[in-house]
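Examining the three-dimensional arrangement
For reference, the chains in residue letters:
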Amino acid sequence: MLKLRSVLWMVVVAMLMVGALPAVAQDEPTLTIYSGRGESLVGPIIAQFSESTGIQVEVLYGNTAAIANQIIEEGANSPADVYYGQDAGALGALAKAGLLTTLPESITGLVADAFQSPDGQWVGTSLRARVLVYNPALVEEQGLTLPESILDLTKPEYKGLVGWAPENASLQAQVTALRVLLGDEATEAWLAGMVANEAVSFGSSNTNLYLAVGNGEIPFGISNHYYLFGLVASNSELQLAQHIFPNGDPGALVNVAGAGVLESSDQKELAEQFVAFLLSPVAQQYFTSQTYEYPVIDGIITNPRLLPLDSIQTPEIDLSDLDDLQTTIEMIENSGALD
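Here is a short report on the structure shown in this document. No experiment lies behind these values; they were computed from the predicted model shown.

**Overview of the packing of helix α8 (residues 184-196) against helix α13 (residues 325-335)**
Put simply, α8 and α13 touch, their axes get as near as 9 Å, and they point 40° apart. Here α8 lies oblique to α13, going by the angle between them. The hand of the α8/α13 crossing is right-handed. Contacts from Asp 184, Thr 187, Glu 188, Leu 191 and Val 195 in α8 reach Met 331, Ile 332 and Ser 335 in α13. Grouping the constituent residues of the contact of α8 with α13 by class yields four nonpolar, two polar and two charged.

Spelled out as structure tokens, the structure:
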């Protein structure tokens with residue numbers, strides 16, 4: 001597989017080189033990207049794509065789910081060429097709505113089947129693990145134990161002690177995963193249990209959640225893994241550690257950030273160049289070195305600060321099944337989590 005992907009990558013590089021030449025010669029072609037990923041995370045690598053290809057880029061940044069819903073509302077009239085989202089659920093929702101085109105095999109062949117659409121309509125560009133972040137000093141001081149399952153967070157011993165970000169797309173994808181794995185009734189019960197157990201809401205901000213845990217305001221939070229490393233690098237006084245729920249627990253989901261090309265785009269070749277660039281060694285090394293995510297292609301040196309991906313016991317789930325985004329959002333709203 002490694003040899004095959006290496007050959008495929010050589011083909012992609014050749015395509016990029018050939019494709020970049022007319023891009024410079026044309027009258028400043030412009031690619032429009034709708035990004036559910038934050039500018040601080042992906043702005044630098046998007047700028048590098050523009051500089052290396054001569055393709056002008058316009059980016060609309062926003063919440064992953066909101067941006068996906070905007071594209072659905074715009075339909076065939078959307079000015080977007082590329083959707084770049086932070087989770088498989090939003091990507092799947094766009095594919096389900098028939099708004100994404102099929103990517104060429106020169107792109108999809110670079111990514112493991114588990115991290116792309118079964119129909120080749122989107123590919124993962126980096127991976128992030130769901131974790132329980134905790135404050136070791138606070139946990140020891142209060143005599144707390146680390147839960148074995150995300151479902152345990154509704155127990156009385158964790159009342160008022162757990163932070164979450166119910167408006168964030170990653171938490172929404174987590175809830176969708178619970179729906180797929182446990183069913184809607186059990187998921188509704190878990191959401192109601194979290195609200196009744198006085199889970200502390202941080203809106204859409206995982207950063208604020210991490211800071212609250214690290215500063216000792218609350219002992220626990222459920223979030224993505226990568227926030228820890230950047231925050232600790234800028235503030236070594238933060239007390240932060242991470243716990244991976246064991247035994248394939250639903251809380252140990254490994255999700256993707258990924259991209260797809262809009263069916264309505266009239267610049268599909270340029271859009272495909274951008275998606276291919278996100279899978280290039282340069283971009284993949286950027287993700288693991290600068291944003292502390294896991295790469296999705298072979299041959300990349302994963303940041304040694306990250307827990308080895310193969311040591312995480314993930315639940316058995318097809319990420320393409322996380323596509324019922326709207327029902328999940330309604331379920332979270334009905335639970336009172338946003339009140």
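**Some details on the pairing of strand β3 (residues 82-85)**
Residues Val 82 and Tyr 84 line one face of β3 and the alternating positions Tyr 83 and Gly 85 line the opposite face, and both faces are buried. Sheet analysis places strand β1 (residues 30-35) next to β3, joined by three bridges and oriented parallel. Bridge pairing in β3 links Ser 35 to Tyr 84.

**Comments concerning the pairing of β1**
Summarising burial for β1: five of the six residues are buried, a large majority. Inspection of the sheet shows β1 paired to strand β2 (residues 56-61) by six bridges, in the parallel sense. Along β2, the bridge assignment pairs Ser 35 with Tyr 61. Taken together, β1, helix α2 (residues 39-53) and β2 form a β-α-β motif whose crossover is right-handed.

**Brief notes about α13**
If you check which residues of α13 are buried, you get Leu 325, Thr 328, Ile 329, Met 331, Ile 332 and Ser 335. For α13, the arc enclosing every buried residue in end-on projection is 160°, short of the 170-degree limit, so these residues lie on one face. Along its buried surface, α13 packs onto α3 (64-74), α4 (88-96), α7 (169-182) and α8. Where α13 terminates, the next one or two residues include Gly 336, which has phi positive at roughly 90°.

**A few points about the packing of aromatic side chains**
Inspection of every chain in the model, using the stated rule, returns nine aromatic pairs. Consider the rings of Phe 49 and Phe 274, whose centres lie 5.1 Å apart with planes at 75°: the pair is edge-to-face. Of this pair, Phe 49 sits in helix α2 while Phe 274 is found in helix α11 (residues 268-278), placing the two residues 225 residues apart along the sequence. Owing to a relative accessible area of 0%, Phe 49 belongs among the buried residues under this scheme. Taking relative accessible area as the criterion, Phe 274 reaches 0% and is therefore assigned buried. Geometrically, the ring pair formed by Tyr 226 and Tyr 227 is stacked, given 4.5 Å between the ring centres and 20° between the ring planes. Take Tyr 226: its relative accessible area is 4%, and that puts it in the buried class.

Definitions and cut-offs
In this convention, every chain numbers its residues from 1, walking through the sequence in written order. Only residues with pLDDT of at least 70 are given local features in this predicted model, and only at 80 or more are side-chain atom pairs given and counted; all residues enter the totals for whole chains, interfaces and linings. Excluded from the side-chain calculations are hydrogens and water; all other atoms, namely the structure's heavy atoms, are used. Fitted lines through C-alpha atoms serve as axes, helices being fitted only where they are in contact, and the angles separating the N-to-C directions of these axes extend from 0 to 180 degrees. Where helices and strands are cited, they refer to DSSP runs of H or I of at least four residues and of E of at least two residues respectively, numbered from the N terminus. Here is the rule for angles: anything less than 35 degrees is roughly parallel, anything more than 145 is roughly antiparallel, 65 through 115 is roughly perpendicular, and the remaining ranges are oblique. Crossings are sorted by hand: turned counterclockwise from the far helix by less than a right angle, the near helix makes the crossing left-handed, and turned clockwise it makes it right-handed. When checking whether two residues touch, look at their non-hydrogen atoms; a contact exists if any pair is within 4.5 Å. Gly is placed with the polar residues, together with every amino acid not listed as nonpolar (Ala, Val, Leu, Ile, Met, Phe, Trp, Tyr, Cys and Pro) or charged (Asp, Glu, Lys and Arg). We call a residue buried when its accessible area falls under 20% of the maximum for its residue type, exposed when it is over 50%, and partly exposed in between, using a 1.4 Å probe and counting protein chains only. Strand pairing follows a simple DSSP-based rule, namely that at least 2 bridges must link the two strands. Assignment of crossover handedness uses the view with strands pointing away from the viewer, where a clockwise path from the first strand over the helix to the second indicates a right-handed crossover. By construction, the arc corresponds to the directions joining the helix axis to the C-beta atoms. Pairing of aromatic side chains here covers Phe, Tyr and the six-membered ring of Trp, requires ring centres within 6.5 Å, and sorts the geometry by plane angle: under 30 degrees stacked, over 60 edge-to-face, intermediate tilted.

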